[in-house]
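Structural description and commentary
Okay, here's what each chain looks like letter by letter:
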Amino acid sequence: MSQYDVKHWKYGKYITEPLDNFPVKGIVVKLSGGADSSVVYYRLCTEIAERGLDYPLYVVTLDPETKDWYSHYAKKVIEFTKQKTGIAPIEHRVRKLPLPWTVPDYEREQDTVFASVLKDGLANVYYGGLTENPDAELMAKEAFDVEGMTFKSFDDCLQQASDRDKDRNDNNNKFSIGYGSEHGGGPLEGLSVLGILPFVHNDKRHGTAAMYKEMDIVDELLPLTYSCENEKPEEKTKLDIVNGYQEYSHCGQCWFCLERAYAFGRLV
């Protein structure tokens, strides 16, 4: 462990306070255009502006084929944030992941685009929006009747809620603030980064949604984000074409729509 490692940390006035005594080269944010990473990015830019911080900022996004909406919504969040705070990233790196791809492929390629910023010596700090899994039964009860949800029965909703996001099953072992060098092979091998995860020990309601409400930006920022992971357009409704991209509604039945409805009491 290093002097910077903190397993449980609750941010106070600023999420940038951990950087006050750290030699920051630059900050990189994995921005998917979802609710979690978007509010962390917005909060970070707000603090850079308010505190007069001179931290170079970089954004990375991975666009897997069949889920190519990540960079579209990330760009919307970046533009909104620039208009509100005057802050924009020096660079937004977008990496494409063509079919056929698997979950391990996605994880590797996401780390690859992230690692490229570190390897170029541009950043040594990472902010992320990782949250804990909510309680499945509570999530189902709170989300089932939210407008836009499309479950045929509560039992179907509960079954989906029970199929938790497996990547978050070990959050108890994760650090809110952690510094170190990555080992074990892969794109991040040998790279050191200070990782700051403000919500890692809170679920989406008590972490992400709470920050939206604290900053009074639910009505402004949330509609610009997209949490649905359903790849089937036939199970969604066509919306407007924005910046040349065909947008769709949230499907209202995938696990991530369910989590969003639980957290905010709404989908958009």
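Please refer to the structure higher up on the page.
Note that the structure is a prediction, hence the values are computed from the model and not measured.

1. Some points on the pattern of salt bridges
A side chain with one charge may pair with a side chain of the opposite charge, provided their charged atoms come close. Counting across every chain of the model gives 22 salt bridges. In this structure, Asp120 and Arg93 form a salt bridge, with 2.7 Å as the shortest nitrogen-oxygen distance. One end of the pair, Asp120, is in the loop between helix H3 (103-119) and strand S4 (125-127); the other, Arg93, is in strand S3 (residues 91-97), and 27 residues separate them in sequence. On the accessibility criterion, Arg93 (16% relative accessible area) is buried. In this structure, Arg168 and Glu259 form a salt bridge, with 2.7 Å as the shortest nitrogen-oxygen distance. Of this pair, Arg168 sits in the loop between helix H5 (154-162) and strand S5 (177-181) while Glu259 sits in helix H8 (residues 255-264); the two residues are 91 residues apart in sequence, bridging distant segments of the chain. Accessibility classification places Arg168 together with Glu259 in one group, the buried group. Ionic contacts of the salt-bridge type, sharing partners, join the residues Asp36, Arg168, Lys204 and Glu259 into one network.

2. With respect to the packing of aromatic side chains
Any pair of aromatic rings gets described here by the distance separating the centres and the angle formed by the planes. Tallied over the entire structure, the rule returns 14 aromatic pairs. Summarising the aromatic geometry, the rings of Tyr212 and Phe264 are spaced 5.1 Å apart at their centres and angled 90° between planes, so their arrangement reads as edge-to-face. A residue pair is termed long-range when its members are at least 10 positions apart, and Tyr212 in helix H6 (residues 205-215) and Phe264 in helix H8 qualify at 52 residues. Of the two residues examined, Tyr212 and Phe264, each falls in the buried class. Relative to Phe256, the ring of Trp255 has its centre 5.2 Å away and its plane inclined at 75°; by these criteria the two rings are edge-to-face. Members of the aromatic cluster, connected to one another through ring pairs, are Trp69, Tyr70, Tyr73, Trp101, Tyr106 and Tyr226. The aromatic ring of Tyr11 is capped on one face by Lys10, whose charged end is 4.2 Å from the ring centroid. For Lys30, the ring lying beneath its charged end belongs to Tyr126, and the centroid distance is 5.5 Å.

3. Some details on the layout of surface pockets
Looking at the second largest pocket, its volume works out to about 280 Å³. What lines the second largest pocket is a set of 18 residues, and nearest its centre among them are Leu239, Ser249, His250, Leu267 and Val268. When contributions to the lining of the second largest pocket are tallied by element, the ones reaching two or more residues are helix H2 (70-85) and strand S8 (245-248). Grouping the constituent residues of the lining of the second largest pocket by class yields eight nonpolar, six polar and four charged.

4. Digging into unusual backbone geometry
With an omega of -5°, the peptide bond between Leu99 and Pro100 qualifies as cis. Along the chain, the position of Pro100 falls in the loop between S3 and H3. Backbone geometry at Thr66 places phi at a positive 85°, although glycine is not the residue there. What makes Thr66 partly exposed here is its relative accessible area of 31%. Its identity as a non-glycine residue notwithstanding, Asp216 has a phi of 55°, on the positive side. Looking at the secondary structure, you find Asp216 in the loop between H6 and helix H7 (218-221).

5. Concerning the nonpolar core
The biggest cluster of nonpolar side chains holds 67 residues, and the ones touching the most others in it are Ile27, Tyr41, Leu57, Tyr127 and Tyr212. Of all the elements, helix H1 (residues 35-51) adds the most residues to this core, at eight residues. By size, the runner-up hydrophobic cluster in this structure holds 15 residues, among which are Tyr58, Val113, Leu188 and Val193.

6. With respect to H3
The terminal C-alpha atoms of H3 lie 24 Å apart, and with 17 residues this matches the ideal 24 Å at 1.5 Å per residue to within 8%. Inspection of H3 places Asp105, Tyr106, Glu109, Val113, Phe114, Ala115, Val117 and Leu118 among the buried residues, and these make up the whole buried set. Buried residues along H3 sit against strand S1 (27-30), strand S2 (57-64), H2, S3, S4 and strand S6 (192-196). Once H3 ends, the next one or two residues include Gly121, with phi positive near 70°.

7. With respect to the side chain of Ser249
With respect to the element layout, Ser249 can be found in the loop between S8 and H8. Aside from chain neighbours lying at most four places away, what touches Ser249 is Tyr226, Lys236, Thr237 and Leu239.

Calculation rules
Residues numbered from 1 in each chain as written. Predicted model: local features only at pLDDT ≥ 70, side-chain atom pairs only at ≥ 80, totals over all residues. Heavy atoms only, no water. Salt bridge = Lys/Arg side-chain N within 4 Å of Asp/Glu carboxyl O. Helix = DSSP H or I, 4+ residues; strand = E, 2+ residues; numbered from the N terminus. Buried < 20%, exposed > 50% of the residue type's maximum accessible area, 1.4 Å probe, protein only. Phe/Tyr/Trp six-rings, centres within 6.5 Å; stacked < 30°, edge-to-face > 60°. Lys NZ or Arg CZ within 6 Å of the ring centre and 35° of its normal. 1 Å grid on protein atoms, 1.4 Å probe; cavity = no way out; pocket = protein on both sides within 12 Å on 5 of 7 lines; lining within 4 Å. Points joined across faces, edges and corners; volume = space filled by probe spheres on them. Nonpolar A, V, L, I, M, F, W, Y, C, P; charged D, E, K, R; others polar. Core = buried A, V, L, I, M, F, W, Y, C linked by side-chain atoms within 4.5 Å. Expected span 1.5 Å × (residues − 1). Contact = heavy atoms within 4.5 Å.

The values reported here are purely geometric and, on their own, carry no functional implication.
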